[in-house]
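Coordinates in review
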Amino acid sequence: MKFTNRVILIFCIAMIWFPFRIFSQITDRIASEKYKVKPVLTSDAFENYPNYDGTDLGLTYSPKKSIFKIWSPPAKEVRLFMYDKGLGGDTILIKKMKKDKYSVWSAKVKGNQEGKFYAFQVLVDTIWLAESPDPYAVAAGANGQRAMVVDLKKTNPQGWEQDKRPPLKSYADIILYELHLRDISVHPSSGIKNKGKFLSLTETGTKSPEGLSTGLDHLKELGVTHVHLLPVFDFMSIDETTLEQNNFNWGYDPQNYNIPEGSYSTDPYDGRVRIREFKQMVKTLHDNGIRVIMDVVYNHTGASQESVFNQMVPMYYYRLNDNGSFSNASACGNEVASERHMVRKFIVESMLYWAKEYHVDGFRVDLMGIHDMETMNMAARELRKIDPTIFIYGEGWTAGESPLSEQLRAVKSNTWKLDGIAAFSDEFRDGVKGHVFTHHAKGFINGETDLEESVKFGIVGATDHPGVDYKQVNYSKGPWAKSPLQCINYVSCHDNHTLWDRLKNSCPTNSEADLLSMNKLAQTLVMTSQGVPFLHAGEEFVRTKFGVENSFISPDHINQIHWENKQKYHDLFEYYQNLIQLRKQHPAFRMGDKDMITRHLEFFKYPMENVLGYMINDHANGDSWKRILLIFNGNKVGKSVTIPQGNWKIICQNGRIAPEGMGYKTDTTANLYPFSAFILAEEN
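Below is a summary of the structure that appears in this document.

Quick notes on a positive patch on the surface
A cluster of basic residues, K64, K65, K95, K98, K108 and K110, forms a positive patch on the protein surface. Looking at K64, the relative accessible area reads 70%, which means it is exposed.

Notes on the nonpolar core
W71, L179, F278 and I616 are the most contacted members of the largest nonpolar core, which totals 171 residues. Counting residues in each nonpolar core, the second largest holds 16 residues, with A172, I174, F424 and F534 among its members.

Considering unusual backbone geometry
Here N246, not a glycine, exhibits a phi torsion of approximately 55°, which is positive. For N246, the position within the fold is in the loop between strand 12 (233-235) and strand 13 (254-260). A positive phi angle is found at D450, which is not glycine, with a value near 65°. Summarising the element assignment, D450 is placed in the loop between helix 8 (426-433) and helix 9 (452-459).

Quick word on the sheet that holds strand 6 (residues 104-110)
The four strands are arranged 1-2-6-5 in an open sheet whose pairing can be described as antiparallel. Edge positions in the sheet fall to strand 1 (58-61) and strand 5 (98-99), since each of these pairs with one other strand and no more. Sheet topology places strand 2 (residues 65-71) next to strand 6; seven bridges connect them, and they run antiparallel. The partner of K65 across the bridge, within strand 6, is K110.

Overview of the pairing of strand 10 (residues 176-179)
Along any regular strand the residues' side chains alternate between the sheet's two faces. Neither face of strand 10 is open: one carries L176 and E178, the other Y177 and L179, and all of them are buried. Sheet analysis places strand 10 next to strand 11 (residues 226-229), joined by four bridges and oriented parallel. Its bridge partner lying in strand 11, Y177 is registered against V227.

Structural notes on the pattern of salt bridges
When the charged atoms of two side chains lie near each other, side chains of opposite charge can form a pair. Following the criterion strictly, the structure yields 34 salt bridges and no others. The partner of R319 in a salt bridge is E339, with the nearest N and O atoms 2.9 Å apart. A residue pair is termed long-range when its members are at least 10 positions apart, and R319 in the loop between helix 5 (308-312) and helix 6 (341-357) and E339 in the loop between helix 5 and helix 6 qualify at 20 residues. Residue classification places R319 among the buried positions, given a relative accessible area of 3%. The partner of K345 in a salt bridge is E349, and the shortest N-O contact between them spans 2.6 Å.

Quick notes on the packing of helix 6 against helix 7 (residues 373-386)
To characterise two packed helices, one gives the angle between the axes of the helices and the distance between these axes. Orientation of helix 6 relative to helix 7, taken along the N-to-C sense of each, is 25°, at an axis distance of 9 Å. Between helix 6 and helix 7, the crossing angle belongs to the class labelled roughly parallel. For the pair helix 6 and helix 7, the crossing hand works out as right-handed. Taking contact as the criterion, the partners of R344, I347, V348, M351, L352, A355 and K356 in helix 6 are, on helix 7, E374, T375, M378, A379, E382, L383 and I386. The class makeup of the residues in the contact of helix 6 with helix 7 is nine nonpolar, one polar and four charged.

Notes on the packing of helix 10 (residues 499-506) against helix 11 (residues 512-528)
Relative to each other, helix 10 and helix 11 sit at 130°, their axes nearing to 10 Å. When the axes of helix 10 and helix 11 are compared, the pair comes out oblique. For the pair helix 10 and helix 11, the crossing hand works out as right-handed. Within the contact between the two elements, helix 10 uses L499, W500, L503 and K504 and helix 11 uses E512, L515, L516, M518, N519, A522 and Q523.

A closer look at helix 7
The end-to-end C-alpha separation of helix 7 is 20 Å, in line with the 20 Å expected for 14 residues at 1.5 Å each. All buried positions along helix 7 are accounted for by M373, T375, M376, N377, A379, A380, L383 and R384. Tucked into the core, helix 7 has its buried residues touching helix 6, strand 15 (362-365) and strand 16 (391-394). Capping of helix 7 at its N-terminal end is provided by D372; its side-chain oxygen lies 3.3 Å from the backbone amide nitrogen of E374.

Some words on the environment of D366
In this fold, D366 is placed in the loop between strand 15 and helix 7. Overall, D366 belongs to the buried group, its relative accessible area being 7%. In sequence terms D366 and G592 are 226 residues apart; their C-alpha atoms lie 24 Å from each other. Those residues in contact with D366 that sit more than four places away from it in its chain are Y252, D295, V296, V297, N299, H300, H371 and E395. A distance of 3.0 Å separates polar atoms of two side chains, one belonging to D366 and the other to R364.

Scoring rules and cut-offs
- Residues numbered from 1 in each chain as written.
- Predicted model: local features only at pLDDT ≥ 70, side-chain atom pairs only at ≥ 80, totals over all residues.
- Heavy atoms only, no water.
- Patch = residues over 30% accessible without salt bridge, like charges linked within 9 Å, V, L, I, M, F, W, Y side chains within 5 Å.
- Areas by Shrake-Rupley, 256 points an atom, 1.4 Å probe, with all protein chains shown as cover.
- Salt bridge = Lys/Arg side-chain N within 4 Å of Asp/Glu carboxyl O.
- Lys, Arg positive; Asp, Glu negative; His and termini not counted.
- Charge placed at Lys NZ, Arg CZ, Asp CG, Glu CD.
- Buried < 20%, exposed > 50% of the residue type's maximum accessible area, 1.4 Å probe, protein only.
- Core = buried A, V, L, I, M, F, W, Y, C linked by side-chain atoms within 4.5 Å.
- Helix = DSSP H or I, 4+ residues; strand = E, 2+ residues; numbered from the N terminus.
- Pairing = 2+ DSSP bridges.
- Axes fitted to C-alpha atoms, helices over the stretch in contact; angles between N-to-C directions.
- Parallel < 35°, antiparallel > 145°, perpendicular 65-115°, else oblique.
- Left-handed = near helix turned anticlockwise from the far one by under 90°.
- Contact = heavy atoms within 4.5 Å.
- Nonpolar A, V, L, I, M, F, W, Y, C, P; charged D, E, K, R; others polar.
- Expected span 1.5 Å × (residues − 1).
- Polar contact = N/O pair within 3.5 Å; in protein donor to acceptor, adjacent residues only side chain to side chain.

Shape is all these values report; function is a separate question.
In structure tokens form, the structure reads like this:
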């Protein structure tokens, strides 16, 4: 009887336990597939993770075999899944991966796997995480859900092996032009066929309805040296399977860092197409004398818990708060821990990959102030081994507090510690046009007083100069650049209002003629200053976003560039064009050396508000002009000042500019028009 009762009891327990166990396994699988794994970790948990210094993480392809490697110290098991499709379809292979002493998991698949898709799945504790590409993936199918096996040599367009970077003697010669691929091409007036695609910048001969050059030909006509592309790596926010809906995003939500964005290709399903078309774009720009800057966003990932980083090594790639939650200096939900060995390795190797495989000429680093200086300097050193003219610059600030000490981070105040890396000057930007977050605030160019020193700060490229009263500078009370080549001077970019919209906000009662004069004055300051100049696409013919400030998800009708404006505001375009030629023809505006600026550039002191002037003396930097006199009037009324005697050639006056000159001036009184620049040159 007792034996029978015991058997019945065991049977009852089994009947309860087995269904519970099966249910538990099912719910674990569901949890992993829905990215519900949220381990509570602190930074100390990662100290014992082994580092791996090999350069073969990701896929190593050959026609005979493909080798897959990922790094994952906390993994108990790792599986490789292979598919015929990038989305959907059945698994064609599941292979258990092997672990080495560095926590590198590897699997070898024999035969030619080109064109197949793959993903990894990692077991941490008792839970299988979601299937995911690894961080080092270089190709993917639609929406980046699975990586793709590709032979990169087959993605090279014709002549790729002969592609060369356009000549660049010095960073001082750079003129940056920031654009978004959809913005520049999508409007019907662009005349561009491949709208919103990498190939949009391969088209030549495109015209507006008025017969004026657009797209690539416009960039050449304007004279810029570098195109800064808003994010073109694979980002999350665009559904690549519904491109007919024309969804828009700037792309600051990274998904796969080493893969071009599929929505910018003509076929997002075949990962080889986006690679080939990206290379075609770079080669065409190079062939036309224009270098390519990539806007890179290593400071955070678009997803936090669900990112490719977290599916390989949970939480390791991120900075954490004391309670194990994501810290958030990016204001986007997380921040990447660049100071950790394997994170630094990834960032540096990713930048090197773009420079080598895609011949990219430089990088604009989003929220660079989140990154540690050692990582940034290592990237700069390694990139310059490829080509010493590769240019790196970024935002020297964060969007929130970070647990990493500011003393270690690449913030603006630490720029002098960075190895030839530049930062944006918000001192100059806001001094010229007004505080960026105060929509109706005015700046020097439209009548606000006491901003002259902030403008002068940018004129000398954020370096130390005896003519600048740093106590009166708006944000920094001292210079932060060793060289003017570390200072990016600009008045607008994709963030916040366009220059035109800002002028309309701050000067609602002024005439359009006044606003055009202010626009010219702003860009004259940018182009004649000693830092590296930066333009926002479309500023040269009154770019407007119709008052929308943060247009990162606004539709095309807000973001698109209206090319018919080039005809309407052709005088403004020609002014920009001549400004750029003036800078290119005269090295006095491109000294590139702090001591040279101190020797040759002398500020004047005028007894009136909102008038700023200076002289560049003694054939500065080998210039053919012996002296150059520049005076800027930010007042709504004309002013008169006394100038030194000389046989002065008039270069710029009353909204007109001509590098070759517009007659001569021999008297010592300069009559300054409202909201205008006055430039004179003496040849001998």
